[in-house]
Amino acid sequence: MSRARLLRELGLGPSWRLRDQAAAASAALPEAAAAPAAATPAPPAPTAPAADDRAAAIAAMGWEELRAAVAACRACSLCQQRQQAVLGVGDGDADWLFVGEAPGAEEDERGEPFVGQAGKLLDAMLAAIDLRRGDNVYIANTVKCRPPGNRTPEPEETAACWPFLARQIALTRPKLIVALGRPAAQTLLRREVKIGAARGQLFEHGGIPLIVTYHPAYLLRNLPDKAKAWEDLCFMRKTMTGR
Ligand code: URA
């Protein structure tokens, strides 16, 4: 697919792109990139000893054990209605890690994140900055099982799933984490986040640079914000490649 066609699919014409790319680079990037990364607050206090043991066991797993543990997980009630848990997809050694919210109906059925409409847009967004799912890119979710009716995951569900995402980050050792939407941003930054205010800033999670942007499903409902998502993509690329 050509870049021009991709930009059309993102709802962005080429002339806008050139103007905006320059504006984004001059306005947001140097300042944001030079700013010290916002500190990640301390992880939550340990809860019960059993939860600590579980987290410690997960923290020692390799990819295959992790895949099996996620598939068998019954740590929260989301396991009751899932068809299958969805670990993640891509290159387990990727430089780029994209973190979404939770599987939807199609992901629950197919066992792969972002394969529905939002996934198609995510693929187009990746391609717009010369990235491809599975090629130096890993895609994961904050929670691994589909919440009923695609509701936002509850805090206890996110907490139960956190050791899995933490292990995915530790195994992948990405050079950049991209939080797609508010639940992912709040989980990774461990504080309240408003995407509109946080985008354009360089954060960090455990020493890894982290950028937040809109969730593709949000962009499908809010087409004008695709222009801001394009700025965010340029910011990500600039952060990773310097251009
Ligand atoms: N939305 C997400 O956050 N993740 C998916 O895998 C699909 C849709």
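Placed above this text is the structure.
Values in this document were obtained by computation on a predicted structure and should not be read as measured data. (Residues numbered from 1 in each chain as written. Predicted model: local features only at pLDDT ≥ 70, side-chain atom pairs only at ≥ 80, totals over all residues. Heavy atoms only, no water.)

Novice: How do you make sense of the overall build of the protein chain when you look at a structure like this?
Specialist: A count of helical and extended segments in the protein chain gives 12 helices and 6 strands. Scored against the burial criterion, the 243 residues of the protein chain give a buried share of 47%. Long-range contacts, defined here as pairs at least 24 residues apart, represent 73% of the contacts in the protein chain between residues at least 6 apart. Only carbon and sulfur atoms are counted for the fraction: they give 54% of the accessible area of the protein chain, which is about 11400 Å². (Helix = DSSP H or I, 4+ residues; strand = E, 2+ residues; numbered from the N terminus. Buried < 20%, exposed > 50% of the residue type's maximum accessible area, 1.4 Å probe, protein only. Contact = heavy atoms within 4.5 Å. Areas by Shrake-Rupley, 256 points an atom, 1.4 Å probe, with all protein chains shown as cover.)

Novice: Honestly, the state of the cysteines in this entry has me stumped. Any pointers?
Specialist: Defined simply, a disulfide is a covalent bond joining two cysteines at their sulfur atoms. Per the stated rule, a full pass over the model turns up 0 disulfides. For Cys 79, which is in no disulfide, the shortest distance to another cysteine sulfur is to Cys 76 and amounts to 6.4 Å. (Disulfide = S-S within 2.5 Å.)

Novice: Would you mind showing me how to read helix 7 (residues 117–128) here?
Specialist: An α-helical segment advances 3.6 residues per turn. Residues three or four places apart therefore align on the same side. Here helix 7 is 12 residues long and its end C-alpha atoms lie 17 Å apart, about the 16 Å a rise of 1.5 Å per residue gives. Of all the positions in helix 7, only Ala 118, Gly 119, Leu 121, Leu 122, Ala 124, Met 125, Leu 126 and Ala 128 are classed as buried. Two residues or fewer past helix 7, Asp 130 is found with a positive phi of approximately 65°. (Expected span 1.5 Å × (residues − 1).)

Novice: When you look at the sheet that holds strand 6 (residues 208–213) in this model, what are you seeing that I'm missing?
Specialist: Sheet strands associate in pairs through backbone hydrogen bonding, adopting either a parallel or an antiparallel arrangement. Read from one edge of the open sheet, 6 strands run 1-3-2-4-6-5, paired in mixed fashion. Edge positions in the open sheet fall to strand 1 (88–90) and strand 5 (203–205), since each of these has one partner strand only. The sheet shows a mean angle of 25° between the axes of neighbouring strands, direction not considered. Judged from the 4 bridges that link them, strand 2 (residues 96–100) and strand 4 (residues 176–180) form a sheet pairing that is parallel. For Leu 97, the partnering residue across the bridge sits in strand 4 and is Ile 177. Sitting on the sheet, helix 7 is in contact with strand 2, strand 3 (137–141) and strand 4, with an inclination near 150° to strand 3. (Pairing = 2+ DSSP bridges. Axes fitted to C-alpha atoms, helices over the stretch in contact; angles between N-to-C directions.)

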